[in-house]
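What follows is the residue order along each chain.
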Amino acid sequence: MRLPPLAPRDREEYLLGHCRGKAVLHLGCADWPLTRARLRDGSLLHAKLAAVTDRLWGIDASADGIRLMTDAGFPNLVALGRTDELAPTLRRTFDRVVAGEILEHLDDPGSFLAGLRGVCHPGTLLLLTVPNFASLKRLPRLLWGEETVHPDHRAYYSVVTVTRLCAEQGFRRREVFSYWGTRGRFAFLLNPVCRRLPFLQALADGLCFAFSPDVAPEPGR
């Protein structure tokens, strides 16, 4: 598959822009085990979504994270570890389903995606973000013989693999953008340069996708 042209976006601004004024389901809303720190410093994405959405529900597998968020005053939160339980539990559909930086943590991403169809209507957008397998910033460590990976990550993803995985569960890709992460001591120096160079976008830190559930699931390949 030939890669589509990629343009850089700010990851959070991309998600917030799509969710503004919409009914939104936010998966992984607690960002456990960083919930307490995120609440304290104001960096919790769910709090930023709450400021722009019309209706917002949050789901997380961590009961402790959900408890902290409930205590902080957030409504419509459910501790749930399986997406096939979403439809019978929530009994509603959403305009946007946000799953940021989740796929790479999952042992069975196909089942995760299949369970989301029950909370989608024909106009829903599924918003996914993932780290990019081809991240340029990973290269120096690899050349040095090191691989730095989050201890809970199970897989790397690319434009092709995310598109294929979602297509097999009945989601069609509508758009994809690159994003450059802000962590790391040199990010503030490198990112402005990297964002300006079109040929580097396939080597960005991560990818932002929007999918719609308007095709029948494709058979596995």
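For the structure itself, consult the block above.
Conventions used here
Throughout, a residue's number is its position along its own chain's written sequence, starting from 1. Predicted model: local features are reported for residues with pLDDT of at least 70 only, side-chain atom pairs are reported and counted for 80 or more only, and whole-chain, interface and lining totals are derived from all residues. The basis for every side-chain value is the complete set of non-hydrogen atoms in the structure, without hydrogens or water. Between 30 and 60 degrees the pair is tilted, below 30 it is stacked and above 60 it is edge-to-face, where a pair is any two Phe, Tyr or Trp rings, Trp via its six-membered ring, whose centres lie within 6.5 Å. Relative accessibility thresholds used throughout: buried, under 20% of the residue-type maximum; exposed, over 50%; partly exposed, between the two (1.4 Å probe, protein chains only). Any Lys NZ or Arg CZ found within 6 Å of a ring centre and within 35 degrees of that ring's normal is scored as a charge over the ring. The criterion for strand pairing is that DSSP finds at least two bridges linking the strands in question. Runs of H or I in DSSP of at least four residues are treated as helices and runs of E of at least two as strands, each being numbered from the N terminus. Interaxial angle, 0 to 180 degrees, is taken between N-to-C directions of lines fitted to C-alpha atoms, where a helix line uses only the stretch in contact. Patches in this entry comprise residues that are over 30% relatively accessible and not in a salt bridge; like charges within 9 Å are linked, as are nonpolar side chains (Val, Leu, Ile, Met, Phe, Trp, Tyr) within 5 Å. Each accessible area value is a Shrake-Rupley result obtained with a 1.4 Å probe; residue values ignore everything except the protein chains displayed when judging cover. Definition used for salt bridges: Asp or Glu carboxyl oxygen within 4 Å of a side-chain nitrogen of Lys or Arg. By definition, residues are in contact when any of their heavy atoms lie within 4.5 Å. Within this analysis, the arc is defined by the directions that extend from the helix axis to the C-beta atoms. The term nonpolar core refers to a set of buried residues drawn from Ala, Val, Leu, Ile, Met, Phe, Trp, Tyr and Cys, joined through side-chain atoms within 4.5 Å.

A. Representation of the packing of aromatic side chains in the model. Across all of its chains, the model carries two aromatic pairs by this definition. Ring plane angle 25 degrees and centroid distance 5.6 Å describe the contact between phenylalanine 209 and phenylalanine 211, whose orientation is recorded as stacked. Taken individually, phenylalanine 209 and phenylalanine 211 each receive the classification buried, so the pair is uniform in this respect. In this structure, arginine 117 is placed above the aromatic ring of phenylalanine 171, and the distance from its NZ or CZ to the ring centre is 5.7 Å.

B. Main features of the sheet that holds strand β6 (residues 172-179). One open sheet accounts for seven strands, arranged β3-β2-β1-β4-β5-β7-β6; its pairing is mixed. Strand pairing shows two members of the sheet lacking a second neighbour, β3 (77-79) and β6, which therefore form its edges. Averaged over all adjacent pairs, the angle separating strand axes in this sheet is 15 degrees, with direction ignored. Pairing of strand β5 (residues 120-131) with strand β7 (residues 206-212), which is carried by six bridges, proceeds in the antiparallel orientation.

C. Here's a closer look at a nonpolar patch on the surface. Among the surface-exposed residues, Phe186, Phe188, Leu189 and Leu190 lie close enough to one another that they form a single nonpolar patch of about 450 Å² accessible area. Tracing the chain through its elements places leucine 189 in helix α9 (residues 187-196).

D. Summary view of the environment of alanine 61. Mapped onto the elements, alanine 61 comes out in the loop between β2 (55-60) and α4 (63-71). Considering only alpha carbons, one finds alanine 61 and valine 130, 69 residues apart in sequence, at a separation of 19 Å. The contacts of alanine 61, once residues within four sequence positions are left out, are Leu80 and Gly81.

E. Up close: α4. Buried within α4 are the following residues: Gly65, Ile66, Leu68 and Met69. Projected down its long axis, α4 carries its buried residues within an arc of 160 degrees, all on one side. Next to the buried residues of α4 lie α2 (35-41), α3 (45-50), β2 and β3. Two residues or fewer after α4 comes glycine 73, characterised by a positive phi angle close to 105 degrees.

F. Structural view of the environment of cysteine 208. With respect to the helices and strands, cysteine 208 occurs in strand β7. Taking C-alpha positions, cysteine 208 is 8.1 Å from arginine 9, a pair spaced 199 residues apart along the chain. Leaving out residues up to four positions away in the same chain, cysteine 208 has contacts with Arg11, Tyr14, Leu128, Thr129, Glu175, Val176, Phe177 and Tyr179.

G. Focus on the nonpolar core. Ranked by internal contacts, the top residues of the largest apolar core, which has 32 residues, are Leu25, Leu27, Leu86, Leu113, Leu116 and Leu128. Those elements giving two or more residues to this core turn out to be β1 (23-27), β2, α5 (86-90), β4 (94-100), α6 (109-116), β5, α8 (159-168) and β7. When neighbours within four sequence positions are excluded, leucine 113 is seen to be in contact with Leu103, Leu126, Leu128, Leu165, Cys166, Gln169 and Phe171. Judged by nonpolar contacts, the second largest core, of 16 residues, contains Tyr14, Cys19, Phe177 and Tyr179.

H. Examining the pairing of β7 more closely. Along β7, seven of the seven residues are buried, which leaves the element largely enclosed by surrounding structure. On β7, burial covers both faces: Gly206, Cys208, Ala210 and Ser212 on one face and Leu207, Phe209 and Phe211 on the other are all buried. In this sheet, β7 lies alongside β6 in antiparallel orientation, the contact comprising seven bridges. Counted as the bridge partner of arginine 173 is phenylalanine 211 from β7.

I. Here's a closer look at the side chain of histidine 46. In this fold, histidine 46 is placed in helix α3. Given the relative accessible area of 1%, histidine 46 is considered buried. Filtering out sequence-adjacent residues up to four positions away, histidine 46 remains in contact with His26, Cys29, Leu56, Trp57, Gly58, Met69, Phe74 and Leu77.

These figures capture arrangement, not role.
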